[in-house]
Amino acid sequence: MSGAGETSDGAAGQEAEADGEPPHGACHLEQVKDDMEAPPAAKQPRLEHACLDLPTTESLVEHAADLTGSHGNAETEEEVAIHSEIEMASAVQGQEVETEVKWHENGEEKKEVLAQTEEERVDETEEEEEKSPEDISTEQHYHGLEFSQNPQMLTGSWAEYTHTTENYLRGCKWAPDGSCIVSNSADNVLRVYNLPPELYSSRWDMLSEMSPVLKMAEGETIYDYCWFPKMSSMDPDTCFIASSSRDNPVHIWDAFYGDLRASFRPYNHLDELTAAHSLCFSPDGSQLYCGFDKIVRVFHTERPGRECEERPTMVKKQGQTGIISCIAFSPCQSMYACGSYSRSVGIYSCEDGSLLALLPTRHHGGLTHLLFSPNGYHLYTGGRKDSEILCWDLREPGRVLFSMQRSVDTNQRIYFDLDRSGQHLLSGDTDGVVSVWDTLTAPPDGNEDLLQPVLQFQAHRDCTNGISVHPFMPLLATSSGQRQFCWPSDSEKSESDSEENVISSDGVRKDNALVLWWAGPVGSSAVSSTNEREQEEEPTVLQQRA
């Protein structure tokens, strides 16, 4: 298997603007073969059985239909395996598999398969006609999402990140329709993985290591990337990802075929091409906001090129300074938040970009990630080399309701995420631990108390830098890895041995992986079998409260 123009790590840790040209030969479809196997050392234990009332013969047929239109080319070995499972399910259940199926692209029907029986689908069809897609997605997301027990490891991708030295991951993000996930890594390649088809069957022991179906290679270090918010695999035209990398314009990648679809070329006041440090689509997808040094440039999604609206964050020495490192939109109000490497947070109007509020400087490091609560009342912010995630009350700008502690010892982006209800906030840290906080247990009077996590578990041996909650299933995705600095060996060797022992690997914990976790209820038999091998196979619980 050949990567789509894989590049060396190079300046993966740099975050400075520079000039350059777009990469060449990087926009080709990469269909991944299913016969790749990870080295035995890379394999990790996962949940073998989960007695969930998910699959039916009809659901397997529907999912097999999905595979024909899924990302990458159709008619793979994976599809043949699904057809075999359909025949097995028919024999057990004494039902006939329907032979006439409407084949369609993968996407929305998966939500119905996971949460509804045949009779419930008939009843809920009439109710869904009166609800918006957002409401339907939110209701489906609530099915089984809970953190009263350990998340169970399902599967992941390890071998994919061993081809290049120090190819650590730098985050992962689920697609808005939940059909696939994209990862970013130090080799400057965006990889797209389809949701494993085995999750639509109760035989989770059949889960194998995931392999990417698409690869999209940037020429330099990837600063930021994001999905088109209206993305749906039912409509290939909406399947695209925006990415920004050093010395390159903003690229729009086709997430259905892997091609480079368009480019947005931002120029500075010297008419020089400059790279965006942060990206975020507006909620309706009509605009793409790009963060630069003391300015935000707004492009119209339907009009690629260099034409854009410039919105300075610093006017007459008043406003927000520094490089705009992260951008997020409020789901309820017409406003967006910008975080900068100068440790500041600004709230702006979507209409004209005017500054609505500049929050006090509370972080000890530059902002790397921020997120609005679903109701739009709260804003969560986190920084690099900063152990706090702060919750701001936007009804009273400048007021911190509470803080959450995590271990962040590097400049790397450590992402955090909220579930669709806004109740649970999840974050990894540099020690590989994932913490879960229940935001509803925070004191209502807002005394800035330290909110304690309800659950902590060791997800990886190395830094857990990325975490993403599935839009409607109780699934979590985590990514791990960081740049490793080996120290010279203290042992005195002869000159012949000195070359081999200049670098000591003692104490280095390499764990570059993308892992999926089940964070919902499992059947009684699955729970009992899981308890029996908890000491050997399941992640260690560090802290748990009732």
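Given the structure is predicted, the values throughout are model-derived calculations rather than measurements.

Colleague: Is there a simple way to explain the overall build of the protein chain in this structure?
Modeller: A tally of helices and strands in the protein chain yields eight helices and 34 strands. Every one of the 546 residues in the protein chain was classed for burial, and the buried ones make up 56%. Of the roughly 23600 Å² of accessible surface on the protein chain, a fraction of 47% belongs to carbon and sulfur atoms.

Colleague: Which parts of the structure should I look at to understand the pattern of salt bridges?
Modeller: A side chain of one charge can pair with a side chain of the opposite charge if their charged atoms are brought near each other. Scanning the entire structure with this criterion turns up 14 salt bridges. One salt bridge connects Glu 160 with Lys 215, and the closest N-O pair in it is separated by 2.7 Å. Remark: Lys 215 occurs in strand S5 (residues 214-217) and Glu 160 occurs in the loop between strand S1 (152-157) and strand S2 (169-174); sequence separation between them is 55 residues. Neither residue differs from the other here; Glu 160 and Lys 215 are each classed as buried. Residues joined in a network through salt bridges with shared partners are Glu 160, Asp 187, Arg 191 and Lys 215.

Colleague: I keep staring at the pairing of strand S10 (residues 278-281) and nothing clicks. Help me out?
Modeller: Residues Ser 278 and Cys 280 point to one face of S10 and Leu 279 and Phe 281 to the other, with burial holding for every one of them. As paired strands, S10 and strand S11 (residues 287-292) are joined by four bridges and run antiparallel to one another. Bridged to Ser 278 within S11 is Gly 291. In sequence, S10 turns back onto S11 through a hairpin of five residues, with Gly 285 there showing a positive phi of about 80°.

Colleague: Please clarify how the packing of aromatic side chains should be interpreted in this entry.
Modeller: Any pair of aromatic rings gets described here by the distance separating the centres and the angle formed by the planes. Under the definition given, this model contains eleven aromatic pairs. Geometrically, the ring pair formed by Tyr 289 and Phe 329 is edge-to-face, given 4.8 Å between the ring centres and 80° between the ring planes. Residue Tyr 289 is found in strand S11, and its partner Phe 329 is found in strand S16 (residues 324-329); the two are separated by 40 residues along the sequence. Each residue in the set Tyr 289, Phe 329, Tyr 336 and Tyr 348 is aromatic and connected to the rest through ring pairs, giving one cluster. In this arrangement the basic side chain of Lys 173 is found over the ring face of Tyr 225, its NZ or CZ atom lying 4.4 Å from the centre.

Colleague: Could you clarify how one ought to interpret the sheet that holds strand S27 (residues 449-450) in this entry?
Modeller: To summarise the sheet geometry, strands pair through backbone hydrogen bonds and adopt either a parallel or an antiparallel arrangement. The strand order across the open sheet built from five strands is S20-S21-S22-S23-S27, with neighbouring strands paired in mixed fashion. Each end of this open sheet is capped by a strand with a single partner; those strands are strand S20 (367-372) and S27. One ladder, built from six bridges, connects strand S22 (residues 388-393) with strand S23 (residues 399-405); its direction is antiparallel. From the neighbouring strand, Trp 392 faces S23, where its bridge partner is Val 400.

Colleague: So what exactly am I meant to see when it comes to the sheet that holds S1 here?
Modeller: The sheet built from four strands is open, its strands ordered S1-S33-S30-S29 with antiparallel pairing. Single-partner strands in this sheet number two, and they are S1 and strand S29 (464-469). Each strand of the sheet is rotated relative to its neighbour by a mean of 25°, with strand direction disregarded. Pairing of strand S30 (residues 475-480) with strand S33 (residues 514-518), which is carried by five bridges, proceeds in the antiparallel orientation. Across the sheet, residue Leu 475 finds its bridge partner in S33, namely Trp 518.

Colleague: Whenever I open this one, the side chain of Ser 349 confuses me. Can you help?
Modeller: Mapped onto the elements, Ser 349 comes out in strand S18 (residues 345-349). One polar contact links Ser 349 to Glu 351, side chain to side chain, over a distance of 2.9 Å. Ignoring anything within four residues of it in the chain, the contact list for Ser 349 reads Arg 311, Ser 334, Met 335, Tyr 336, Ser 354 and Leu 356.

Colleague: In this structure, what is going on with unusual backbone geometry? I would like to understand it.
Modeller: Note: most peptide bonds trans; most residues except glycine with negative phi. Here Lys 316, not a glycine, exhibits a phi torsion of approximately 50°, which is positive. Along the chain, Lys 316 turns up in the loop between strand S14 (314-315) and strand S15 (318-319). The backbone phi angle of Lys 317 is positive, close to 60°, even though this residue is not glycine. In this structure, Lys 317 sits in the loop between S14 and S15. A residue is classified by how much of its surface remains accessible, and Lys 317, at 75% relative accessible area, is exposed.

Criteria and thresholds
- Residues numbered from 1 in each chain as written.
- Predicted model: local features only at pLDDT ≥ 70, side-chain atom pairs only at ≥ 80, totals over all residues.
- Heavy atoms only, no water.
- Helix = DSSP H or I, 4+ residues; strand = E, 2+ residues; numbered from the N terminus.
- Buried < 20%, exposed > 50% of the residue type's maximum accessible area, 1.4 Å probe, protein only.
- Areas by Shrake-Rupley, 256 points an atom, 1.4 Å probe, with all protein chains shown as cover.
- Salt bridge = Lys/Arg side-chain N within 4 Å of Asp/Glu carboxyl O.
- Pairing = 2+ DSSP bridges.
- Phe/Tyr/Trp six-rings, centres within 6.5 Å; stacked < 30°, edge-to-face > 60°.
- Lys NZ or Arg CZ within 6 Å of the ring centre and 35° of its normal.
- Axes fitted to C-alpha atoms, helices over the stretch in contact; angles between N-to-C directions.
- Polar contact = N/O pair within 3.5 Å; in protein donor to acceptor, adjacent residues only side chain to side chain.
- Contact = heavy atoms within 4.5 Å.

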